[in-house]
Amino acid sequence: MLTVDELVARLVRDPRRTALFTDFDGTVAPIVTDPAAARPEPGTVEALDTLASTYRRVGVLSGRPLDYLAPLLPGTVDIGALYGLEQRVGGLRAEHPEAGRWRAVVTAVAAEAEGALAPYDGVRIEAKGLSLTLHVRRAPQHLAAVMAYAADAARRHGLDAREAKASVELHPPVAIDKGTLLTRWASGAEVVAFFGDDLGDLAAFAALRELTDRLGTETYRVVVLGPETPVAVRASADVVLDDPAALAALLQRLVTAAS
Ligand SMILES: [Mg+2]
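For clarity, every value in this text was computed on a predicted model and none was experimentally measured.

**Considering the sheet that holds strand β7 (residues 132-135)**
Backbone-to-backbone hydrogen bonds pair the strands of a sheet. The strands run either parallel or antiparallel.
Link 1 in the chain: Spatial strand order, β6-β7-β9-β8: four strands in an open sheet with antiparallel pairing. The open sheet terminates on both sides in strands that have one partner only, identified here as β6 (124-127) and β8 (160-164). Taken over all neighbouring pairs, the strand axes of this sheet differ in orientation by 20 degrees on average, direction set aside.
Link 2 in the chain: In this fold helix α5 (residues 143-157) packs onto β7, β8 and β9 (167-171), with an angle of close to 5 degrees to the strand it touches most, β9.

What follows is the structure, given as structure tokens:
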């Protein structure tokens, strides 16, 4: 394990050859009960904006839809939304070519889920266009029922079910995740860091390991802790930060070092 000071020293050495990628919820933005109320930790947006002009690339990779993330993040920061199904690169929006035809399927499943999960009080269905999240944060007693429904719906409609913190997501069966996107976006960088907190971030951590093995890239897996940090995520950490405020402070230190 590295200390935060050691990590900062390595990330400020050569910004032009360094790429920084982060998840959004639980990292940039504190986890809140109402997912629609999540906002970046104060100072984080300004820091990411400044770093985007000094670093090789700064990107946010999230399971959220682009319509949610785009207004919250400066245009200088690239966004991989819905695990890469939707992207904003250099300020321009794009959609994964294989994803669009699943929009109608996802919409139909969202409508079906509203009915099927109606008996389970507190379960929230978040339709995100190209994917769908079933939230049980307010109704943890229904986790098993929701997981069973998600697995069944995924099988019937040809979608992939992916578990996350207090939720399960239904995705088009398109081979893209935070790992494949990170590998593409980190191309040419000699130093790459990713900040994550959840199971969906493991693909990004694995991609970093692969970059190191294949190309000798210097990579750092940074885990931002929270009350629900999965064991497998924590076990992947090269560096641990206490919370999103600690990430904001770290980014601020990178800004100070670069100016
Ligand atoms: Mg997260």
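**Observations regarding the sheet that holds strand β10 (residues 191-196)**
Link 1 in the chain: Strands sit in the order β5-β4-β3-β2-β1-β10-β11-β12 across an open sheet of eight strands; the sheet is mixed. Each edge of the open sheet is held by one strand with a lone partner, namely β5 (92-95) and β12 (239-241). With direction set aside, neighbouring strand axes in the sheet form an average angle of 20 degrees.
Link 2 in the chain: The pairing of strand β1 (residues 18-22) with β10 spans five bridges and is classified as parallel. Bridge assignment links Ala 19 to a residue of β10, and that residue is Val 192.

**Some points on the pattern of salt bridges**
Link 1 in the chain: Here the structure, examined in full by the defined rule, presents 19 salt bridges.
Link 2 in the chain: One salt bridge in this structure joins Arg 13 and Glu 218, with 2.8 Å as the shortest N-O distance. In this pair, Arg 13 sits in the loop between α1 (4-11) and β1 while Glu 218 sits in strand β11 (residues 218-224), placing the two residues 205 residues apart along the sequence.
Link 3 in the chain: Under the relative-accessibility criterion, Arg 13 is labelled exposed at 52%.
Link 4 in the chain: Given a relative accessible area of 24%, Glu 218 falls into the partly exposed group.
Link 5 in the chain: Note that Glu 112 and Arg 156 form a salt bridge whose closest N and O atoms lie 2.9 Å from each other. Within this pair, whereas Glu 112 is found in helix α4 (residues 103-116), its partner Arg 156 is found in helix α5, the two being separated by 44 residues in sequence.
Link 6 in the chain: Taken together, the shared-partner salt bridges in this structure form one network comprising Glu 112, Asp 152, Arg 155 and Arg 156.

**What to know about the coordination of the magnesium ion**
Reference values for angles at a metal are 109.5 degrees in the four-donor tetrahedral case and 90 or 180 degrees in the six-donor octahedral case.
Link 1 in the chain: Looking at the magnesium ion, one finds its protein donor set to be Asp 23 (OD), Asp 25 (O) and Asp 197 (OD), positioned 2.1 Å from the metal centre.
Link 2 in the chain: Look at where the donors of the magnesium ion fall in the sequence and you get D-x1-D-x171-D.
Link 3 in the chain: The exposure class assigned to Asp 23 is buried, which follows from its relative accessible area of 5%.

**Digging into the domain arrangement of the protein chain**
Link 1 in the chain: Per the domain assignment, the segments making up the protein chain are domain 1 (4-96 + 176-258) and domain 2 (100-171).
Link 2 in the chain: Using only C-alpha atoms to locate each centre, domain 1 and domain 2 end up separated by 26 Å.
Link 3 in the chain: Taken together, the 22 residues of domain 1 in the interface contact 16 residues of domain 2.
Link 4 in the chain: Here domain 1 and domain 2 share an interface that buries about 1,600 Å² over both sides, 52% of which is from carbon and sulfur atoms.
Link 5 in the chain: Applying the counting criterion to the domain 1 and domain 2 interface returns four salt bridges.
Link 6 in the chain: A salt bridge links Asp 197 to Lys 165; the nearest nitrogen and oxygen atoms lie 2.4 Å apart.

**Digging into the packing of aromatic side chains**
Link 1 in the chain: For the structure shown, the criterion picks out two aromatic pairs.
Link 2 in the chain: Ring centres 5.7 Å apart and planes at 80 degrees place the aromatic pair Phe 194 and Phe 205 in the edge-to-face group. One end of the pair, Phe 194, is in strand β10; the other, Phe 205, is in helix α7 (residues 202-215), with 11 residues separating them in the sequence.
Link 3 in the chain: Above the face of the Tyr 68 ring, Arg 64 is positioned so that its terminal group lies 4.1 Å from the ring centre.

**Topic: the nonpolar core**
When a protein is soluble and globular, its nonpolar side chains tend to lie buried together.
Link 1 in the chain: Residues Leu 11, Phe 24 and Leu 254 are the most contacted members of the largest nonpolar core, which totals 38 residues.
Link 2 in the chain: Looking at which element gives the most residues to this core, the answer is helix α9 (residues 244-258), with five residues.
Link 3 in the chain: Those residues in contact with Phe 24 that lie beyond four places of it in its chain are Ala 29, Pro 40, Val 60, Leu 61, Ser 62, Arg 64, Tyr 68, Leu 69, Leu 72 and Leu 73.
Link 4 in the chain: Formed by 26 residues, the second largest nonpolar core is a distinct cluster that contains Ala 204, Phe 205, Ala 207 and Ala 237.

**What about empty space enclosed by the protein?**
Link 1 in the chain: For the coordinates displayed, the defined rule picks out three cavities of 30 Å³ or more.
Link 2 in the chain: The wall of the largest cavity is formed by 24 residues, among which Asp 25, Arg 64, Ser 167, Glu 169 and Asp 198 lie closest to the centre.
Link 3 in the chain: Elements with a minimum of two residues in the lining of the largest cavity: β7 and β9.
Link 4 in the chain: Here the residues of the lining of the largest cavity sort into six nonpolar, six polar and 12 charged.
Link 5 in the chain: Counting residues domain by domain, the lining of the largest cavity receives three or more from each of domain 1 (4-96 + 176-258) and domain 2 (100-171).
Link 6 in the chain: Its volume calculated, the second largest cavity comes out at about 50 Å³.
Link 7 in the chain: Considering the residues around the second largest cavity, the lining is formed by Thr 33, Pro 35, Gly 122, Arg 124, His 135, Arg 137 and Arg 138.
Link 8 in the chain: Partitioned by chemical class, the residues of the lining of the second largest cavity number one nonpolar, three polar and three charged.

Rules used throughout
Residues numbered from 1 in each chain as written. Predicted model: local features only at pLDDT ≥ 70, side-chain atom pairs only at ≥ 80, totals over all residues. Heavy atoms only, no water. Pairing = 2+ DSSP bridges. Helix = DSSP H or I, 4+ residues; strand = E, 2+ residues; numbered from the N terminus. Axes fitted to C-alpha atoms, helices over the stretch in contact; angles between N-to-C directions. Contact = heavy atoms within 4.5 Å. Salt bridge = Lys/Arg side-chain N within 4 Å of Asp/Glu carboxyl O. Buried < 20%, exposed > 50% of the residue type's maximum accessible area, 1.4 Å probe, protein only. Donors = N, O, S within 2.8 Å, 3.2 Å for Na, K, Ca; no water. Domains from an automatic or database assignment. Buried area = accessible area lost by both parts, 1.4 Å probe. Phe/Tyr/Trp six-rings, centres within 6.5 Å; stacked < 30°, edge-to-face > 60°. Lys NZ or Arg CZ within 6 Å of the ring centre and 35° of its normal. Core = buried A, V, L, I, M, F, W, Y, C linked by side-chain atoms within 4.5 Å. 1 Å grid on protein atoms, 1.4 Å probe; cavity = no way out; pocket = protein on both sides within 12 Å on 5 of 7 lines; lining within 4 Å. Points joined across faces, edges and corners; volume = space filled by probe spheres on them. Nonpolar A, V, L, I, M, F, W, Y, C, P; charged D, E, K, R; others polar.

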